[in-house]
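Listed below are the residues making up each chain.
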Amino acid sequence: AQSVAQPEDQVNVAEGNPLTVKCTYSVSGNPYLFWYVQYPNRGLQFLLKYITGDNLVKGSYGFEAEFNKSQTSFHLKKPSALVSDSALYFCAVREGTPLVFGKGTRLSVIA
Amino acid sequence: DAGITQSPRHKVTETGTPVTLRCHQTENHRYMYWYRQDPGHGLRLIHYSYGVKDTDKGEVSDGYSVSRSKTEDFLLTLESATSSQTSVYFCAISDLPTAFLNTGELFFGEGSRLTVL
């Protein structure tokens, strides 16, 4: 069965510094991988996805993610964090129809 | 933003009462989903639908039922609410995946916060 793990409940980073939010996955075939962001009292918003091809995927708001098949990871990155990036981030994997989500990582960017 | 409306957005009810949450979409997407979000658990799938009258169970379906009589509406019913069903419920939609053009990413509603006393 497909699964995804986000090993950090909380990530703190100073504004202007690079940020990384970690995600590892487990699937039996080729994964479709996604990142979503949730701002307070809102639904989840799609950030980016990996389907095939280039291992570095670029998404919304300056975020990117690196797919690493050998490490079964799909870490979310941004070169320079903004205070407005503070939110809850979810990694998700789809092998069949429904997406399976990780437990989420709360990112706090400190001014 | 995808046209997804959840109602009610907030509800407080008592243990043992029935509750129905409604999800309405204007995107004509085939797939609709109900997730619940709880601290420490992330999002967990309750039920989903892959067409009118076609539904399937998710990871945490016990105590919930769903119905989809029209493409645009997906109802989640708690027949007899319990305190463990206090949560934030999210509806999501997706279209039929096609190679590269659409890979089945979900679009979410704003959530319905349910409190069972």
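Further up the page is the structure itself.
What counts and how
Residues numbered from 1 in each chain as written. Chains lettered and ligands numbered in written order. Predicted model: local features only at pLDDT ≥ 70, side-chain atom pairs only at ≥ 80, totals over all residues. Heavy atoms only, no water. Disulfide = S-S within 2.5 Å. Helix = DSSP H or I, 4+ residues; strand = E, 2+ residues; numbered from the N terminus. Buried < 20%, exposed > 50% of the residue type's maximum accessible area, 1.4 Å probe, protein only. Pairing = 2+ DSSP bridges. Axes fitted to C-alpha atoms, helices over the stretch in contact; angles between N-to-C directions. Contact = heavy atoms within 4.5 Å. Buried area = accessible area lost by both parts, 1.4 Å probe. Salt bridge = Lys/Arg side-chain N within 4 Å of Asp/Glu carboxyl O. Polar contact = N/O pair within 3.5 Å; in protein donor to acceptor, adjacent residues only side chain to side chain. Nonpolar A, V, L, I, M, F, W, Y, C, P; charged D, E, K, R; others polar.

Quick notes on the state of the cysteines
Enumeration according to the criterion identifies two disulfides over all chains in this entry. Disulfide pairing places C23 of chain A opposite C91 of chain A at an S-S distance of 2.0 Å. Between C23 of chain A and C91 of chain A, the S-S dihedral sits near -65 degrees, and the bridge is therefore left-handed. Here C23 of chain A, found in the loop between β3 (19-21) and β4 (24-26), pairs with C91 of chain A, found in strand β10 (residues 87-94); they are 68 residues apart in sequence, far enough to count as distant. In this model C23 of chain B forms its disulfide with C91 of chain B; the gap between the sulfur atoms is 1.9 Å. Judged by the sign of its S-S torsion, about -70 degrees, the bond between C23 of chain B and C91 of chain B is left-handed. Within this pair, whereas C23 of chain B is found in strand β3 (residues 19-25), its partner C91 of chain B is found in strand β9 (residues 87-94), the two being separated by 68 residues in sequence. Pair check on accessibility: C23 of chain B and C91 of chain B agree, each one buried.

Regarding the environment of Y31 of chain B
Following the sequence through the fold, Y31 of chain B ends up in strand β4 (residues 31-38). Y31 of chain B sits 58 residues away from Y89 of chain B along the chain, and the two C-alpha atoms are 17 Å apart.

Regarding the sheet that holds strand β1 (residues 4-7) of chain B
Residues and elements named next belong to chain B. Here four strands make up an open sheet; going across it, the order is β1-β3-β8-β7 and the pairing antiparallel. Two strands bound the open sheet, and with one partner strand each, they are β1 and β7 (65-70). With direction set aside, neighbouring strand axes in the sheet form an average angle of 15 degrees. The pairing of β3 with strand β8 (residues 73-78) spans six bridges and is antiparallel. Counted as the bridge partner of H24 is D73 from β8.

Structural notes on the interface of chain B and chain A
Each partner contributes to the interface: chain B provides 22 residues, whereas chain A provides 21 residues. Here chain B packs against chain A, burying approximately 1700 Å² in sum over the two surfaces, 56% of which is carbon and sulfur. Between the two partners, chain B and chain A, sit one salt bridge. Counting the contacts that link chain B with chain A gives four residue pairs in polar contact (both at pLDDT 80 or more). Elements represented by at least two residues in the side of chain B that touches chain A include exactly β4 and β5 (42-51) of chain B. Looking at side-chain class alone, the side of chain B that touches chain A contains 11 nonpolar, seven polar and four charged residues.

Scope: geometric values only; no functional claims are made or implied.
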